[in-house]
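Architecture and fold: a report
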Amino acid sequence: MKTQIVVIGGGAGGLELVRRLGARLGRKDFDIILVERNHTHVWKPLLHEVAAGSLDANLDEVGYRGHGHRWGYRFFYGSLEAIDRTARQVIVAPIFDDDGSELVGQHRLRYDYLVIAIGSVSNDFGTPGVKDHCLFLEDRHQADRFRLKLLNHCLRVSRTMSADPIDDAFVDIAIVGGGATGIELAAELYNAASSLRHYGLEVFDETRLRVTLIEAGPRILPALPDALAKAAHQELEALGVRVLANTAVSEATETGLRCATGEQIHANICVWAAGVQGANILGELDGLEVARSRQLVVLPTLQTSRDERIFAIGDCCFFKPEGAGGPVPPRAQAAHQMASTAYRNILHLIAGETPEAFVYRDKGSLVSLSRFSTVGSLMGNLVGGRMAIEGRLARMIYVSLYRMHLVAIHGWIKGLALILVGHANRVVRPRLKLH
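Source: prediction; values computed, not measured. (Residues numbered from 1 in each chain as written. Predicted model: local features only at pLDDT ≥ 70, side-chain atom pairs only at ≥ 80, totals over all residues. Heavy atoms only, no water.)

All right, on to the overall build of the protein then. Each helix and strand in the protein was counted, giving 10 helices and 27 strands. Taking all 435 residues of the protein together, 51% fall into the buried category. A sequence separation of at least 24 residues applies to 64% of the contacts in the protein between residues at least 6 apart. (Helix = DSSP H or I, 4+ residues; strand = E, 2+ residues; numbered from the N terminus. Buried < 20%, exposed > 50% of the residue type's maximum accessible area, 1.4 Å probe, protein only. Contact = heavy atoms within 4.5 Å.)

Right, here's the structure in full:
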């Protein structure tokens, strides 16, 4: 039989891994399989732009079936249900149609090597009402849902103002979490709102938008130096965002959020972006070790601590380098680096060689405030994160990160072609996706 390598999860790390494995090993003696619960891939750091309508995901998404045909792997539509480590089988959950009818029953996939790369989910910290009344930005479906609700509320305000120009109508949005996702979404909303009057909502603009950003910690962007966090704070307030630090949310309701301070924040839309953790399924995988954050504990080689044939990479992986103060953070750059190490280690194991240790190289953090500004620090742990950058240079580097991702999943030729197509689309396509 062919050597079968199964990768679960087609995010930044998983998709890059199957592309490299398929291109290197081919189909003759190896069977590379990607299991993913979505039909297409959208780079997760862009979801805030999809949510605001600034990015048409239909132009940037990657179809797994076509991509797999090009790079020598097979795509299985489905989600992980369990693992049988004794039989070396992945159990894929049944697939149901919208009406509840079963399309594909539960089935099993044999594996010689297994890589789990299913990412992370939002951590609501057990806060009452969050699951029922807040939106999340974990995938394309949730980003699309946010965009439609946003447009509906903008239309409501526009109609109200048209009927009565002196009516004081607003769209109120509350974002919980002062990390990169929350801040980038807040800024992108003002960018989108400023363009809506050019697309049929003549009496609507950014002055009709009220955004509140809530952070439980002492300041936003705790991963960045104080000066950069302060600059981002000031930029957000200049846009009109109300930034509340040292403010914990005690409950989410139909009408907004209740804070531990007793303040009630009214909101038409509440977004929860206040932390990540591993999916529940990770704690039920046939005895694999998980951390308190429900991430799979791995060895320095990224092999899981209790099974050398199973790897974990990306946000679902818990790895604390020797001497480090904490685990590798859940970032796209970590998933990219882990995919490269997992790729080499699988090749080592196939050749009967000793796998190598993963070395995380923190290249810094960048946060985009849409077209208004970009802040960040470069070189990360190489220079202690002291190389602070802002403005146009930071924006150029931020954009280059996505271009590097395109090259990683498509190769140099198609990657460069897509970059050129992206430039053309910015000229010929509408600035906002309104459907």
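Between side chains of opposite charge, a pair can form when the charged atoms approach closely. In this structure the tally under the stated criterion is 16 salt bridges. For Arg 74, the salt bridge goes to Asp 31, with nearest N and O atoms at 2.4 Å. Of the two residues, Arg 74 sits in strand β5 (residues 74-77) while Asp 31 sits in strand β2 (residues 30-36), which places them 43 residues apart along the sequence. For the salt bridge of Arg 242 with Glu 263, the shortest nitrogen-to-oxygen distance reads 2.8 Å. Remark: Glu 263 occurs in the loop between β17 (256-259) and β18 (264-266) and Arg 242 occurs in strand β15 (residues 242-244); sequence separation between them is 21 residues. The class of Arg 242 is partly exposed, set by a relative accessible area of 39%. Here the residues in one salt-bridge network are Glu 61, Arg 140, Asp 144 and Arg 147, joined through shared partners. (Salt bridge = Lys/Arg side-chain N within 4 Å of Asp/Glu carboxyl O.)

Here we take up unusual backbone geometry. One non-glycine residue, Asp 286, lies in the positive phi region at around 50 degrees. In the Ramachandran plot, Leu 302 falls in the positive-phi region, its phi being about 75 degrees despite a non-glycine side chain. Counting through the fold element by element, Leu 302 comes out in the loop between β21 (296-297) and β22 (303-304).

Turning our eyes to something else, we now look at the pairing of β2. β2 sits mainly inside the fold: 7 of its 7 residues count as buried. What you see with β2 is no split at all: Phe 30, Ile 32, Leu 34 and Glu 36 on one side and Asp 31, Ile 33 and Val 35 on the other are buried throughout. Sheet analysis places strand β1 (residues 3-8) next to β2, joined by 6 bridges and oriented parallel. Bridge pairing in β2 places Val 6 opposite Ile 33. Chirality of the crossover, the property in question, places the unit of β1, helix α1 (residues 12-25) and β2 among those that are right-handed. Relative to β5, β2 runs parallel, the two being bridged by 4 bridges. The partner of Glu 36 across the bridge, within β5, is Tyr 77. (Pairing = 2+ DSSP bridges. Right-handed = clockwise from strand over helix to strand, strands pointing away.)

Our focus in this paragraph is the confidence of the model for the protein. For any part of a model where pLDDT is low, the fine detail of the predicted coordinates should not be relied upon. Counting all residues, the mean pLDDT for the protein is 86, and 87% of those residues have values of 70 or more. Predicted confidence is poor over residues 379-385, with pLDDT under 50, and the contacts of this stretch with residues over four places away or in other chains come to 15 contacts. (pLDDT = per-residue confidence, 0-100.)

Turning to the sheet that holds strand β10 (residues 107-110), a few remarks are in order. Ordered in space as β6-β7-β10, the 3 strands form an open sheet in which the pairing is antiparallel. Every interior strand has two partners, whereas the edge strands, β6 (80-84) and β10, have only one. For this sheet, the mean inter-axis angle between neighbouring strands, taken without regard to orientation, is 25 degrees. By the bridge criterion, 4 bridges tie β6 to strand β7 (residues 89-92) in an arrangement that is antiparallel. Each bridged residue has a counterpart across the sheet, and for Ile 83 the counterpart in β7 is Val 90. (Axes fitted to C-alpha atoms, helices over the stretch in contact; angles between N-to-C directions.)

All right, on to the environment of Ile 269 then. With respect to the secondary-structure elements, Ile 269 resides in strand β19 (residues 269-272). Ile 269 sits in the buried class, given a relative accessible area of 1%. Spatially, the C-alpha atom of Ile 269 lies 7.7 Å from that of Lys 149, the residues being 120 residues apart in sequence. Residue contacts for Ile 269: discarding those within four places in its chain leaves Leu 135, Phe 146, Lys 149, Leu 150, His 153, Asp 172, Ile 173 and Ala 174.

What follows concerns the environment of Phe 76. Counting through the fold element by element, Phe 76 comes out in strand β5. Separated by 16 residues in sequence, Phe 76 and Val 92 place their C-alpha atoms 9.2 Å apart. Not counting residues within four places of it along the chain, the set of residues in contact with Phe 76 comprises Ile 33, Leu 34, Val 35, Glu 36, His 107 and Leu 109.

One pass over the structure, following the stated rule, counts 2 aromatic pairs. On the numbers, 5.2 Å between centres and 25 degrees between planes, the contact of Tyr 64 with Phe 75 is stacked. With Tyr 64 in helix α4 (residues 64-71) and Phe 75 in strand β5, this residue pair connects regions lying 11 residues apart in the sequence. Taken individually, Tyr 64 and Phe 75 each receive the classification buried, so the pair is uniform in this respect. (Phe/Tyr/Trp six-rings, centres within 6.5 Å; stacked < 30°, edge-to-face > 60°.)

Moving on to the packing of α1 against α4. In contact at an axis separation of 8 Å, α1 and α4 are set at 30 degrees when each is read in the N-to-C sense. With respect to α4, the axis of α1 lies roughly parallel. Here α1 contributes Leu 15, Arg 19, Gly 22 and Ala 23 to the contact with α4, which in turn contributes Tyr 64, His 67 and Trp 71. Its residues placed into classes, the contact of α1 with α4 shows 4 nonpolar, 2 polar and 1 charged. (Parallel < 35°, antiparallel > 145°, perpendicular 65-115°, else oblique. Nonpolar A, V, L, I, M, F, W, Y, C, P; charged D, E, K, R; others polar.)

Here helix α6 (residues 140-163) is 24 residues long and its end C-alpha atoms lie 35 Å apart, about the 34 Å a rise of 1.5 Å per residue gives. Taking the backbone nitrogen of His 141 as reference, a side-chain oxygen 3.3 Å away marks Asp 139 as the first, capping residue of α6. (Expected span 1.5 Å × (residues − 1). Polar contact = N/O pair within 3.5 Å; in protein donor to acceptor, adjacent residues only side chain to side chain.)

Below, the discussion takes up helix α9 (residues 332-350). Between its first and last C-alpha atoms α9 spans 27 Å; for 19 residues at 1.5 Å apiece the expected length is 27 Å, and the two agree. Counting buried positions along α9 yields 14 of 19 residues, so the element is predominantly enclosed. Looking one or two residues past α9, Gly 352 carries a phi angle of roughly 75 degrees, positive in sign.

Our focus in this paragraph is the side chain of Ser 340. Mapping Ser 340 onto the fold places it in helix α9. The exposure class of Ser 340 is buried, given its relative accessible area of 13%. The contact partners of Ser 340, leaving out residues within four places of it in the chain, are Glu 16 and Arg 20.

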